[in-house]
Every structure is written in structure tokens, then in C-alpha cells.
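Fold and geometry: a report
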Amino acid sequence: MRPLRLHLHDFGSFREPATVDFADVDYFVLVGPTGAGKSTLIDAICFALYGTVPRWGKENVIAHALAPSAVAAKVALVFETAGRRYAVVRALKRDAKGKVHTAEARLEELLTSVPATAGLDELMSAVARPLAEGAAVTAEIQRITGLEYKFFTQCVVLPQGRFAEFLHAQPRERQDLLVQLLDADVYERVRQRAVQEESAATQAAAFARERLARLTDADEPAQQAAKARLSSLRALDDQVRGSLDTLRNAAGEIRRLAAERETARERVAALAALALPPEVPTLAETVRAAASQVREHAADAERAEAEERRAEDTLAALDDPGLLMSLLSTLDDHERAAADLRAVEERAARARAGLPPLAERARAAEAALAEAEQARDRLRDAHAGADLGRRLVVGQDCPTCLRPVERLPHHPATADLRAAERHVKTCRAEADQARARRTEAETELRHLERTAEDLAERVTRTAHDLAAQATPLVTGTSTSATPPVPDEQPAPAAPEPDEQPAPAAPATPPAPATPATPATPPAPAGPPAPATQPTPASGGAAASTGPAAPAEAAGPDAFADAGRRVGAAFADDDASGRDVPSPGVERDDLEGRLAGVRAAERRAAELRQAARDARARLAAATRRAEELAGKADRLWRDLEAARDTVVPLGAPPLDRDDLHDAWTSLLAWRDEAAVRERAALEERAGRVAEAERQARAQWSEVVARLADHGVPIPETTAHPAGPAHGGTAAPRGRSGEGATGLSSEGVPGLSSEGASGLGEAVSGGAPDEAAVARLGEAVVAAVAQAQAYLARVRENRAAAREVDERARAEEERARVAKELAQCLRADAFERWLCTEALDLLVTAASETLRELSDGQYELALGARNEIEVIDHAEAGLRRNARTLSGGETFQAALALALALSDQVAGLSATAARSLDSLFLDEGFGSLDPATLDTVATTLERLAGGRERMVGVVTHVPALADRIPVRFEVRRDAKGSHLHRATA
């Protein structure tokens, strides 16, 4: 680790930002008065790397980094190691409770393309990649530098008071340091890799042996047997090739004869397929009955439609039901408004009568309140006078009359003022309550009067609306007379036998006669007329008794006169109430008219449904007749198609007059032709059977020869088979006996199609071309398999030799890896390695110590690897290093530190460890001038190679003057300050 830049702000005694440039420095010294802050710079390097400082005592203590007056601090370090550049930043802050916390910690790798002499900001801005943040920074620093914090302070930074730790350390502690410095962990990794290599090689060898065991037929006898098998199969191929050609020719002949037999069988099957459809005998009668039903249903539909039209005309002649419903609704509104008006006027009369008592009660309460207030005021004045009299002094001016007081007045006892105040409060509450009741009554009366006005207007409006809406009923714009309905209704058509009878249409409702007729007689079969049925004499108004009778008797102008009288309905209003205008219509009359309209609507709906049912029956009968006609056409086409199939056999022409007669004549011809065609079929089947018998004999001979040579026969050709296995079929006669007399057994590879019609397949079969080809392919395949087996035996022998060699090589590799792992697994290996390294370090340190002590002391290892001193002034006496004096201890520790810094790169197992820096923070004042000169020379030699940086903290001018770069540290009231000076 070699620092390039160190920046600190508010760290320790450095209150102001300070940056130390180490880019071009190999050998420097920090000088300044005691307490100026020289060691703080070394502390800042340790803190930036590991987050702690040696002289703080505990590693987790960070509060000492902040001065008591500082609230935040920051340290940044740019350094290089192993050819890479890094930047580490740590920041601290103090919270409100005074505790110090880490605010930021980050580690980044920087680009090395930026010159090392560039500014701090330029260096830190060239970030290649972030490496760690927070608590992970310290662990990553240990990985990069290869040193833990405790070892870093023993071989890189040697702080005050801990310079001799490595010299006085226990052997185990020195061994741990050397393990890190020498990167001895690489031997453990080598051992682990050796174990892995042993396991992998063992598995590879076992796999090779297992594969070798699976390689069968990999010897010389197996190869000779394969050669003999191949020669035998090649000879068999030559022998059966001619027999297979003969079988192919026989199969072609059999196929030709079978085709002729199939033609004959198809002719017989075509004759057998002719059959009379079961519906042909009864089809003509069914068609005639369907036509008759169509005619009957057409007449029924015509009668039902006439009834429907008459009912619709009757309904159209009646009053509009919407108008009647609107009149009834308006009448309901009028009656409700009139009732509400009467109720409101009664309440208003009661409220008006109750106002005078309330007013009188309010006036009495106001008078009582005024009297109580006057009594209270008089009592208040009496109390004020009595109070003033008690404060008067004879001879002084009276505050009221401004004259001298000659004698004191005497006031009698007064009543309690608070009782008077309470009485006033009670009277005021009663007066307020009386006023509130009077106001509430007046408000209610005004509200009732406004409500009465609104209701009166509503009553008047609804009366006008009734008169206007009733005008069409009176003037004749909506006809109320009902045309007469004939007494006799046409009888509905009788339903079909398989249909349900339609419901009877209801009778026509009663209808008025003529305007001169006093009453309307009811229809013969209709329901009884309602009590409010309108009469022609009243012009549509219901006959009733009561006040409306004179208007009704007056004729058609009665409703018009009532409408004209509505405007004067409120002419005689007085304070006690209003006269409610008459609506001009009667509820019973309107309801009677509406009932008549509803009855006519129901009658029309029933007749409308009856007409729809009649039309539906007509449509169903029509569809039935059309379906039967289509069926007859289809049966004629089927007959023609059936005849076309047997026209080549001489079928006679058809008679188009009668379908049943045409089928009868065609079936008679069929029976005669079937006898001839069946005889021809039996003759052709016999010829096919003989050809198949000869082919089967030759086939069996070839199959037996192949079986003798062990050639596997395909499953479809190895066993004789009947028609179910592919043989060509021959038909039976109608009696079920075989037409050819052949056996049902067959041979493999036969092609068969089941016979149908007059016979079914029973005979055996013969091999076809495909079966013969499969047999030849079986021989060729057997030869190819023998050739492949011979080649595989040869390949297996070569593979067995290769696998055996590979198994031997893997077994040897596993043995070597196992021996290496056992050697590195020995418990004494690490101790032996560290002992050898320590012996080299002690030897190198002895040479330096001999120079520093003018040949008096050397270092050596004891029996337990403790460091001992050889004192030549005492005849080579060996003693413990702890017995040295302070100056001698410094010399020995310095010699070890210099040796450690100089030798660690050569001792590291990977040659990657290198202590690029050495910082000595120890008093050199204990050395005499000669020893000091030797130390200075040694340090100059150590730094002269420019391979490592050496920094010294000292107060000795003789040593500081010999160091080329000097950093002077001074301290004032603002903190520590740094200045660089070059010798």
C-alpha cells in the first residue's frame, strides 16, 4: 500500500482542510513541536483504511476523531497497491445527543490513466467501479492490502508505544502475521484443489472401468463368429432370390383373378342391394289426406280472421281508454284538492280564532315586565344612595349636589336587589314566550292562508281540466256508441283429430242501440252489463240521482254549461270559507265507459288469438303436405338411382305413373338376374383358390429355409392366416355354405377385403407382392445386421483398448493428487513454513542490528521460536529480547521492521505481497549519534530503491536534516497546519 493523497478536515487537531501530496515522495519526515499533530497524520491513514487508530485503544472507538467543538469530520485517502489505484473516504458526524456516528464510508477503484500528480478532485472523480460501502469497506481493505488491522500496525505503520510489538509478540501471533504476509493460504487452496482433482480423477477412472465392463463381444472369438454369420447369410440371399421372383409373378396372377372375382361379387351385391322402401305402399293415401286437411284449415282461418276484423271495428268505435283514464286521474286529483282545501280552511279558522287571546296574553306580559323593571330601577337607586351616604363625611362636598355636607343622612333598610333582578328575568322570559307564541300563531295562520289559496287554485285548475277533457265525450269527437254485434256467431271450425280444440271466443259485450232507444239490451251470450253502462239518451253520461241529474237531463250541452260555470266558483267567498266548484263529470259514468272498453279489448284479444291459432294450424298442414310431396320426389329419385346401378345388367325401364308398381316390376327382374350372376361368381372364386394353393406351397418352402438360417420373419408374414390376416375373400351363397369349398386357413401377407351382399369371406389367402417384398427385405436386413454386428465388434475392441488406457491414466492422476493433499494436510506444514520465513527475517534483521549496535548484538530464534538476542559483549550470551534496554529495544525492533519490509515480497508464496510503505512513529532521541547515523544510513538505503515509501516522525534535528522531504506541522488557536519543505 503506497499513499498518493491524504485529505483531512476537522479530523483530530486539523480543524481546517489539509491535503498531503505523497505522489513524488519516497522518503519524508514529519517534524514539529510536541502536540502539533504529526502523529495525527499517521492516524488519519490508519483511520481511512480501517476506521480506527492504534492509540485510541479500542477498535470500535471513533469519538476521538472529532474535536469537542466539531460536529463533522472527513478523511480521504488515495493509494496504490499491486498496480491498482483506490480511493477510500470516511466521514463522521455528531448527533444532537453528542454521540459520534459514521456518516459515510466508501471504497472505489480509480482509473490509473489519470496522472498521480493530478489534483485530489481529478483523481477521485476518475472512478472505475465502486467496491464497497459502509461496514463492508474494512473487509475489502483487508482483502486488497492482504493485512488485517492488527498486522498493519506491526509491519507498515509502527505507532508510538507499539514499535516493539512484533519483537515481543508470542510465536503464535507472529505466525498469524507471517501467514498473511506470506500468503500461506495459497497452500491450503492448493490442498483443496488437490482433493478435488483426486475426487475427479477417481470418478473418471471408475466411469472408464464401468464403461469397459459394458463393452461385450470385444474379443477375438466374437469377431470370428460374426464373420461366419455374415458369410452364411450372403449365401442364403443368393439361394432365395429366384424363389422370391416366382412368388411375385404368382401374386400378380392371383391379383388379376381376384379382380375378376371381385367384379362378379360386386354385380351380385348390386342386385342384393335393391329393396323396396317400407313407406312406398302407403305414401299415396297419406298425400291425399294431407291435401284435404289443408283445405279444411284454410276455411277455418278465413272465418277466424273475419271474426277478428269485426271485433277490432267494435273496439275502434268505443271511447279512448287513455282519455277515460286521464279523466279519472284528474277527477281523483280534484277531489283530493277539494278535501285538502276544506281541511286547511278549518285549521285556518281555528288559528284565526285563537289569535286574540294570545295577543292579550302578550300585552299583559309586556306590562308586567315594564312594572318589574321600574321597581328594580327604584331599588337600584335606593341601594346606590345608601352606599353613597355611608361614604359621606361632614364638612366635605357632596359628590351629587357639590355642597358641603352638614349632617349625615339616614337611609332605611332596602329590599334585596338580586330578588328584583330575578323577578325581572322571570317576567322577561314570560313576555318573550308570549310574543313567540303569538308570532308562531300568526305565522301558522299566514301559512294556512297561502296553502288555502294554492289549493283553491288547484281545485279551480282541475275543474277546468275536467271540463276541457270531457268535451270530446260530449261533442262527439270520441264516439261512445257501440255498433251492434250480430246475435249469431259463426261456429268455429272443428279441430283436427290429433289437435286440442281452441278455446271458445267470449261473447260480444252489450252495445247501445240507437240514440232514441232508452236502454241497451244485453247480448244473448255476453256477460251482464255493468251498473254504470252508458245509455244513448244521456249522450254517454251515467244515469244517476243527485245534484248532477238536472245537468245530465239537459242533454249534450250539460257538460259545456258546467265548464262555463267554473270561472264563477269563488265569487261568493267570505272569511269563513270558499265554495268548491263542481267537477262537471261523474265518476260512475267514467268507470262504466272504461269497463265497456276493457270488455271490448278482451273480446278482440280472444278473437285475435283464435285467428292466430287457425293460421298456425293451416301453416302446419301446409308444411305437412309439402313434406309428403318432397318425400315422394325423393323416393322417385332413389328408385332411379337404384335402377342406374343395375342398368349394365339389363334392368327394364320404369313406369312413371305409380311408384309402387315401378318398384314391384324392378324387384321381379332382380330375382331372375341374381341366379345368373351368383353362378358366375362361384366359377371365378374356384380359379382364385387354386392359384392361392400353389403360391402357399412355394411360400412355405422359402419361409422354412429362412428359419433354418435364423433369419427373423416379420410377424405379418411368419404365420399362415385367413381373411382376417389379409387374405383375399371369397363369398358364400345364401345358404351359408362355401361357394368355393376352400379352407378358411391362409398365409401371412395376404390382402383381403370382406365380401358383402349374398356371401361372406371364408377362404384362405396367398402372398401378395408386399409380403414377398417384406420377406426379401428380411433377408437383406439380416445381412446388413450381420455386417453391422461385425463392425461393432471391431469398434468395441478398439474402444476397450482406449478406455483401459484412459482408466490407468486417471488412476495415476488420482494417486499423485492424493499424495499432494496428504503432504499439505500435515499439521506441521504451516508451522514449518512460518519457521523458515521467520528464520530468514531474523537472519536479515541480525545483520542490521549488528550494524546498529556496532557488532554487539545479533538476533536468533530460540527453541520455541521466540526471538532471542546474542550479546557478544557477554561472550555470545543468548538472552530474551525483553531484557534489552529502551534504546536497544528500539534498535532490535527497527531492525526487524526493516527486514520485514525488505524481505516480505521475496517470501510471499504468490509474489503478490509487497509492503510498499513504512511509517515509523517512534522517538529516535534514545540513540547515540553513531547509532543514529547508522539508522539514518539504513533508512536511506531502504528508500533509495524507490520501491517503497519511508516516513519518519521525529524530533531529532540530526535525523530530520538528512531526509530530503520535510512536512512541518505547527499548531495555533485554529488547529494544526501542514507545510511541505524540501531540503
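Since the structure is predicted, the reported quantities are computational estimates derived from the model, not experimental observations.

1. Comments concerning the overall build of the protein
A count of helices and strands for the protein gives 21 helices and 15 strands. Put simply, 71% of the contacts in the protein that link residues at least 6 apart link residues at least 24 apart. Just so you have it, the protein exposes about 51,800 Å², and 52% of that area is on carbon and sulfur atoms.

2. A short note on the nonpolar core
The biggest cluster of nonpolar side chains holds 53 residues, and the ones touching the most others in it are L6, L8, F11, F28, L49, F79 and F152. Among the elements that line this core, the one with the most residues is helix α1 (residues 38-50), at 9 residues. Beyond its immediate stretch of four places on either side in the chain, F11 contacts T40, D43, A44, F47, V53, W56, A65, A73 and V75. Counting 23 residues, the second-largest nonpolar core is a separate cluster that includes L274, L283, A290 and L659.

3. Some remarks on the UniProt feature "coiled-coil region" (unreviewed entry) in the protein
The feature "coiled-coil region" (unreviewed entry), as annotated in UniProt, sits at residues 247-314, 597-631 and 799-826 in this numbering. As annotated, residues 597-631 comprises 100% helix and 0% strand, and the C-alpha atoms at either end are separated by 51 Å.

4. Examining unusual backbone geometry
Of note in the backbone geometry, D10 takes a positive phi value of approximately 60 degrees without being a glycine. Here D10 shows up in the loop between β1 (2-9) and β2 (18-21). Residue classification places D10 among the buried positions, given a relative accessible area of 19%. Residues other than glycine seldom take positive phi values, yet L402 does so here, at roughly 65 degrees. Considering the arrangement of structural elements, one finds L402 in the loop between α10 (321-391) and α11 (417-475). Overall, the relative accessible area of 64% leaves L402 in the exposed class.

5. A closer look at the sheet that holds strand β10 (residues 867-871)
The 3 strands are arranged β9-β10-β11 in an open sheet whose pairing can be described as antiparallel. Looking at the sheet topology across the chains shown, the edges are occupied by β9 (857-861) and β11 (877-880). In this sheet, neighbouring strand axes are inclined to one another by 35 degrees on average, regardless of whether the strands run parallel or antiparallel.

6. What about the environment of I42?
Assignment of secondary structure puts I42 in helix α1. Remark: the alpha-carbon pair of I42 and F919, spanning 877 residues in sequence, is separated by 7.7 Å. In this structure, I42 is in contact with L30, V157, F919 and V953, ignoring residues within four places of it in sequence.

Cut-offs applied
Residues numbered from 1 in each chain as written. Predicted model: local features only at pLDDT ≥ 70, side-chain atom pairs only at ≥ 80, totals over all residues. Heavy atoms only, no water. Helix = DSSP H or I, 4+ residues; strand = E, 2+ residues; numbered from the N terminus. Contact = heavy atoms within 4.5 Å. Areas by Shrake-Rupley, 256 points an atom, 1.4 Å probe, with all protein chains shown as cover. Core = buried A, V, L, I, M, F, W, Y, C linked by side-chain atoms within 4.5 Å. Buried < 20%, exposed > 50% of the residue type's maximum accessible area, 1.4 Å probe, protein only. UniProt positions renumbered as here; feature names shortened; annotations may be inferred. Pairing = 2+ DSSP bridges. Axes fitted to C-alpha atoms, helices over the stretch in contact; angles between N-to-C directions.

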